[in-house]
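Breakdown of the fold
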Amino acid sequence: MLKDKVAYITGGTKGIGLGIAKAMLDQGMKVAITSRNQTAADQTVKDLDDGAGNIIGIASDVRSMESEKSAVKQILDKWGKLDVVIANAGVGHFASIQDLTEQQWKEVIDINLTGVFNTTKSSLEALKNSKGYLITIASLAGTNFFAKGSAYNASKFGLVGFSQAVMMDVRQDDVKVTTIMPGSVSTYFNNHQPSETDAWKIQPEDIGKLVIDLITMPARSLPSKVEIRPSKPPKK
Ligand SMILES: NC(=O)c1ccc[n+]([C@@H]2O[C@H](COP(=O)([O-])OP(=O)(O)OC[C@H]3O[C@@H](n4cnc5c(N)ncnc54)[C@H](OP(=O)(O)O)[C@@H]3O)[C@@H](O)[C@H]2O)c1
């Protein structure tokens, strides 16, 4: 069902984006991943390519509309269509409002919120043509606020609202939109190093499975907002 469908994942070099890329390749999909850095994108392609040429790596910073448009053009030039877009790239800075710098605020909002706008604007026409699917990776921090989270909470609350409004805008064009809101996932987010002590957390491949489940739902049904959390976090 998914064989030869074409996907674009922003920020697919590690963590959740990489987990989604692997799940899609396992289904026979063609996948383009991005990174801020061409060397990191090339390394991911080297790691994942089984010789079939089903993965390409593109340097694109989601903060640049021009660069996102170029990434989508490169995918269309190579594979002729775009079926699934995963707006995943994101960062976090966590500090109380007294200590949060203007630069940290801007980086979080520019990547996590404006970056998704740039990816969405750049890919929407192609998604309308394919009757495709846009998935944004928000967070439980898009509904639960916490101390030191002002920038991250603002970006993810904003992203949840953005995604739901876009869903309403495009569903009559047969484009589906879902926002996934994960709790703790074992990734490199915020300089974390995954290790065995992360065993209780959601793993990137679990989000990969969720994405495959979403994009194989019957056309008539749309889980538009999905919260996913570790089933048994350590007791506080
Ligand atoms: N980990 C969690 O617990 C968790 C929970 C809820 C939501 N999330 C969300 O999940 C998403 C992925 O995070 P992760 O946990 O997988 O973190 P990660 O392991 O640090 O991976 C982040 C990915 O985003 C890319 N990236 C960062 N800034 C970018 C930019 N400006 N342009 C293009 N790519 C960029 C990175 O690529 P390069 O470094 O190669 O550029 C990397 O591939 C984020 O939106 C995050 O907010 C994470």
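Just above, that's the structure.
Definitions and limits used
- Residues numbered from 1 in each chain as written.
- Predicted model: local features only at pLDDT ≥ 70, side-chain atom pairs only at ≥ 80, totals over all residues.
- Near = placed C-beta within 6 Å.
- Helix = DSSP H or I, 4+ residues; strand = E, 2+ residues; numbered from the N terminus.
- Nonpolar A, V, L, I, M, F, W, Y, C, P; charged D, E, K, R; others polar.
- Contact = placed C-beta atoms within 7 Å.
- Buried ≥ 20, exposed ≤ 12 C-beta atoms within 10 Å, placed from the backbone.
- Arc of directions from axis to C-beta.

Around the ligand sit 31 residues in total, of which Gly11, Gly15, Ser35, Gly90 and Thr187 are the nearest. Within the residue set of the shell around the ligand, elements represented by two or more residues are helix H1 (15–26), strand S2 (30–35) and helix H4 (102–130). In terms of residue class, the shell around the ligand is made up of 11 nonpolar, 16 polar and four charged.

Another aspect to go through is the environment of Thr143. Along the chain, the position of Thr143 falls in the loop between strand S5 (133–137) and helix H5 (150–170). Once you skip the residues sitting within four places of it in the chain, Thr143 turns out to touch Val160 and Met181.

Within the sequence span of helix H2 (residues 38–48), burial applies to Ala41, Thr44 and Val45. One side of H2 holds all its buried residues, which, seen down the axis, span an arc of 100°. Opposite the packed face of H2, turned more than 90 degrees from it, sit the exposed residues Thr39, Lys46 and Asp47. The inward-facing, buried residues of H2 abut H1, S2 and strand S3 (55–59).

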